[in-house]
Structures are given as structure tokens and as C-alpha cells.
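Working through the structure, step by step
Single-letter residue listing:
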Amino acid sequence: MAVIHHTTLTPTKVELLAAWLPSRPWYRSTTAGPALARAGGFRLDDPEGEVGIEFMVVTDGSGDAAPAYLTPLTYRAAPLDGAEAGLIGTMEHGVLGKRWVYDGARDPVLVGQLLALLAGRAVAQAQSESDAPDPTVQVRTVADLPAALPQVTETTDATVLATAQGAPVTLSLARVLRPGPATGEDVRGQVLARWSAPDGAEPRGAFAVLREGAR
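For the structure given in this document, a descriptive report is provided here. Nothing here was measured: the structure is a model prediction, and the numbers come from that model. (Residues numbered from 1 in each chain as written. Predicted model: local features only at pLDDT ≥ 70, side-chain atom pairs only at ≥ 80, totals over all residues. Heavy atoms only, no water.)

So, the overall build of the chain
Heads up, the rule is: Elements are defined by DSSP. Helices are runs of H or I of four residues or more, strands are runs of E of two residues or more, and each kind is numbered from the N terminus. A radius of gyration in this sense is built from C-alpha atoms; the matching globule rule multiplies 2.2 Å by the number of residues raised to 0.38. Throughout, exposure labels follow a simple rule: accessible area from a 1.4 Å probe, protein chains only, divided by the maximum for the residue type, with under 20% read as buried, over 50% as exposed, and the rest as partly exposed.
Tallying secondary structure elements over the chain gives two helices and 12 strands in all. Reading the helices (α) and strands (β) of the chain from amino to carboxyl end gives β-α-β-β-β-β-β-α-β-β-β-β-β-β. Against the 2.2 N^0.38 benchmark of 17 Å for 215 residues, the chain shows a C-alpha radius of gyration of 16 Å, consistent with a compact globule. With respect to the three principal axes, the spread of C-alpha positions in the chain is 45 × 40 × 35 Å. For the chain, the proportion of its 215 residues judged to be buried stands at 48%.

Now the structure itself:
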């Protein structure tokens, strides 16, 4: 069970993301630069109790056209070997001390727990409460899942993880969120969750989609 500490973070998560997002191929650049606001998400528990796992949504700007980005994050007490490309930055946690913050799409602990969620073996947790399942997260589960998805590709709207061998399976983490579920005959499973738009609406869309075949 993850324990949520309500304490100070220096820099804040939003400040870290504001520096990192413009480097991503799916970021919709603006002349004013990032104007991020937290807009929802959920957490998953690490069975080992070592890694914090958060699926955080931020919106950029105001108005109907403001994009909503999914930023899956992991928080670690030490650097993750071989994951330098996924490091977003470090921050000082008021209780836990220095934390290394990673793009969760490149952290095997987050990917493993996302697969467990899709298999029905993990439960989405509230973003800001300890030991509190989030019943608003809907999961279309899948009976058989690959053990790993080692190939990572960035597109203009998603991060796609694929199997390296055997029957092709892809797991897409939406980066630019859109309302509504994923559709298509190749969709095997998906995670649907909601976020808060700048206009006060609470759309729901596919955070993660498992598909048969290569994308």
C-alpha cells in the first residue's frame, strides 16, 4: 500500500513537467510556453513498496482548446540503472528526501503494474489518499498478457510499448488525452479514467490501450 505524504516538494511536480514537456514529440507547443495545472489521475501500488507510481494529468493553458497530457510518473529513492533517457528530474520530498522522478513509460515497475491492472490483478488507487481504491477508473481486462513490452516508440500523441518477439501486441499510453474509449477490432483491453478540463468539464478517455498487432 502506498502512503501519501502531504508535504512540500522542491521543485514541484508541475515545475518539473513544465521543463520536460516541451522536449517531447507529442507536446503541442505554445508561444507563451507551458502553463500547466494539475487535472487529475490515479495511482498504482508497487508490490515491493519501493517505487511511487502515479498517472498524473496536467492541462496546458485555458479554454476549450487547452490540451490535457497524461504523464505517468515514478518516484524512486535512487537512480534507476539504464534509464537515463527516462529521467525527468529530481526533487526534494519533505518526508522522504531526494527523489528521482522518471517517465513511467520507461520504468519497468510502472509498466508491470499497468499490465497487472489490465489483467485484473491490481486496483487503481486514489491520487491523493492512502489505501483508497479509485472506483472511477474503469478497466476492460485481458486474460493473457505478455510478460514484458521492451520496445518503446514515441509518436505524436502516444508512447507505444511493443513485444520484441512472438505475436505482436502493443500497449499505447495516451499522451494527448481525448474523450471517449478507444475503438477498433484490435482493441483487447483499456484503462478509462477522467480528468478536469479548464472549463470545469470532467471528460473520460482512454489512458492506456492494449491492441493486437503492431501499430
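From this point, things continue past the structure.
Observations regarding the pairing of strand β5 (residues 87-93)
Defined as follows: Any two strands between which DSSP finds at least two bridges are classified as paired.
Sheet analysis places strand β1 (residues 9-10) next to β5, joined by two bridges and oriented antiparallel. By the bridge assignment, T10 is partnered in β5 with E92.

Points about the pattern of salt bridges
Counted only if it meets this: Salt bridge, as used here: a side-chain nitrogen of Lys or Arg that lies within 4 Å of a carboxyl oxygen of Asp or Glu.
This structure, assessed with the given rule, holds 10 salt bridges. Note that R76 is salt-bridged to D107, the shortest N-O span being 2.8 Å. With a gap of 31 residues between them, R76 in strand β4 (residues 68-76) and D107 in the loop between β6 (97-103) and α2 (108-118) connect regions that are remote in the sequence. By relative accessible area, which is 14% here, R76 ends up buried. Overall, the relative accessible area of 0% leaves D107 in the buried class. Salt bridges sharing partners connect three or more residues here, namely K13, R38, R43 and E54.

Side note on the side chain of D107
As a reminder of what qualifies: Each polar contact in these results corresponds to two N or O atoms within 3.5 Å; when the atoms are within protein, one needs to be able to donate a hydrogen and the other to accept it, and residues that are neighboring in sequence are counted only if both atoms are side-chain atoms. When checking whether two residues touch, look at their non-hydrogen atoms; a contact exists if any pair is within 4.5 Å.
Here the side chain of D107 touches R76 through a polar contact of 2.8 Å, side chain to side chain. The contact partners of D107, leaving out residues within four places of it in the chain, are V51, T74, R76, L80 and Y102.

Some thoughts on the packing of aromatic side chains
The geometry of an aromatic ring pair is captured by the separation of the ring centres together with the interplanar angle, meaning the angle of the planes. Keep this limit in mind: For Phe, Tyr and Trp, rings pair up if their centres lie within 6.5 Å, where Trp contributes its six-membered ring, and each pair is then called stacked (planes under 30 degrees apart), edge-to-face (over 60) or tilted (otherwise).
Under the definition given, this model contains six aromatic pairs. Residues W26 and Y69 carry aromatic rings whose centres are separated by 5.9 Å and whose planes lie at 45° to one another, so their mutual orientation is tilted. Of this pair, W26 sits in the loop between α1 (13-20) and β2 (36-44) while Y69 sits in strand β4; the two residues are 43 residues apart in sequence, bridging distant segments of the chain. Considering the side-chain rings of W195 and F207, the 6.4 Å spacing of their centres and the 45° angle between planes classify their relative orientation as tilted. Here W195, found in the loop between β11 (187-194) and β12 (204-212), pairs with F207, found in strand β12; they are 12 residues apart in sequence, far enough to count as distant. In this structure W195 comes out as buried when scored by relative accessible area, which is 5%. Using a relative accessible area of 2% as the deciding quantity, one classes F207 as buried. Site record: aromatic cluster; members linked through ring pairs are W20, W26, Y27 and Y69.

Structural notes on α1
In an α-helix, one turn spans 3.6 residues, which is why side chains three or four residues apart end up on the same side. Condition: Directions pointing from the helix axis toward each C-beta atom define the arc.
Where α1 is concerned, the buried positions are K13, L16, L17 and W20. Angularly, the buried residues of α1 cover 95° about the axis, an arc narrow enough to put them on a single face. Buried residues along α1 sit in contact with β1, β2, β3 (52-60), β4, β5 and β6.

Everything listed is a geometric property; what it means functionally is a separate question.
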